[in-house]
Amino acid sequence: MKFTRFNFLVVILFLCVLNAHANPKDPNIFYISQGKAVNPWSASLAFEKSPIKDGKASTIRKSLVFKESDDGFFNLKWHPKKIKNQWGAIDTNILTFNLINKMMHANLKSVKQQAAIMLELRVNRPPKELVNFTLECNWNWECRDAYPLKQILRNAPSGEWVTIPIPLSCFSESKIDLSKLTGMMISTIGKLNLDIRAVNLVSISDNVRGC
């Protein structure tokens, strides 16, 4: 078989995943490892209005609470208080967990059809409302696209660690430029309790692709 550039990219991705715990340093591939944001990615709540200090953070009236564990993961607990914004709608900003890279763009465009963002998490309380996993490009709120997680989280076994691959092909090129990825976020307006251990890029087989 001819060894093409495509084959090379897939092999590199595969090798990087195998070494995720040994060398979680490439911010194009690794975003959270063992419950910690991989530099220069930075975790916060409410678009950095609630920064994480000493492993803890919370938004207004503890609508969303973040807490690091000594066991290599962090917990996110949503308990919305129906706080409204200036337009009278529910303030979704205070119900958003953010992962932001202020120093660089992660360029994932070349592997869009062969890769997924993998979430390693544990569901402690399943959602009843919509849950969105959103990608943002170029630090611009107009450059976003979301992937629905509600049903996946509801189907996950409670209290067990699972891996959830979200194919990059599920994100619309008309809404987001994957060559300039600068942010990721998880949000919901309902109650939800999650532990998250890792977020990183993985290669996927043909039977995993699709939305």
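The numbers attached to residues start from 1 for each chain and follow its sequence in the written order. This being a predicted model, a pLDDT of at least 70 is required before a residue's local features are given, and a value of 80 or more before pairs of side-chain atoms are given or counted; all residues contribute to the totals for chains, interfaces and linings. With hydrogens and water set aside, each side-chain value is computed from the structure's full complement of heavy atoms.

> Explain the overall build of the protein residue by residue, including any values.
A tally of regular secondary structure across the protein gives two helices and 14 strands. Buried residues are those whose accessible area, probed at 1.4 Å on protein chains only, stays under 20% of the maximum for their type, while exposed residues exceed 50% and partly exposed ones sit between those limits. Taken over 211 residues, the protein has a buried fraction of 46%. The criterion used for residue contact is that any of the two residues' heavy atoms lie within 4.5 Å. Summarising the internal contacts of the protein: among those between residues at least 6 apart in sequence, 74% fall at separations of at least 24. Residue-level accessible areas treat just the shown protein chains as cover; the underlying method is Shrake-Rupley with a 1.4 Å probe. When the accessible area of the protein is evaluated, it comes to approximately 11,400 Å², of which 51% is carbon and sulfur surface. Only DSSP runs of H or I covering at least 4 residues are called helices, and only runs of E covering at least 2 are called strands; the numbering of each starts at the N terminus.

> Any chance you could break down the side chain of T59 for me, citing the residues and the numbers?
One can find T59 in the loop between β5 (56-58) and β6 (64-68). Residue T59 is classed as buried on the basis of its relative accessible area, which comes to 6%. For this analysis, a polar contact is any N or O atom pair within 3.5 Å, provided that within protein one partner can donate a hydrogen and the other can accept it, and provided that sequence-adjacent residues contribute only side-chain to side-chain pairs. A polar contact of 2.9 Å, which involves the side chain of T59, links it to the backbone oxygen of I94. Here T59 is in contact with L45, A46, S50, L64 and I94, once residues within four sequence places are set aside.

> Any details on the environment of P126? Residues and values, ideally.
Along the chain, P126 falls in the loop between β9 (115-125) and β10 (131-137). For the pair P126 and L153, spaced 27 residues apart in the sequence, the C-alpha separation amounts to 6.1 Å. Dropping the residues within four chain positions of it, P126 is found in contact with L153, R154, K191 and L192.

> Tell me about unusual backbone geometry, and please be specific about residues and values.
Most of the time, phi is negative for any residue but glycine, and the peptide bond is trans. Residue N39 is joined to P40 through a cis peptide bond whose omega torsion reads 10°. With respect to the helices and strands, the residue P40 is situated in the loop between β2 (36-37) and β3 (41-45). Backbone geometry at Q34 places phi at a positive 50°, although glycine is not the residue there. For Q34, the position within the fold is in the loop between β1 (30-33) and β2. Positive phi, close to 55°, is recorded for N138, a residue that is not glycine. Along the chain, N138 falls in the loop between β10 and β11 (144-148).

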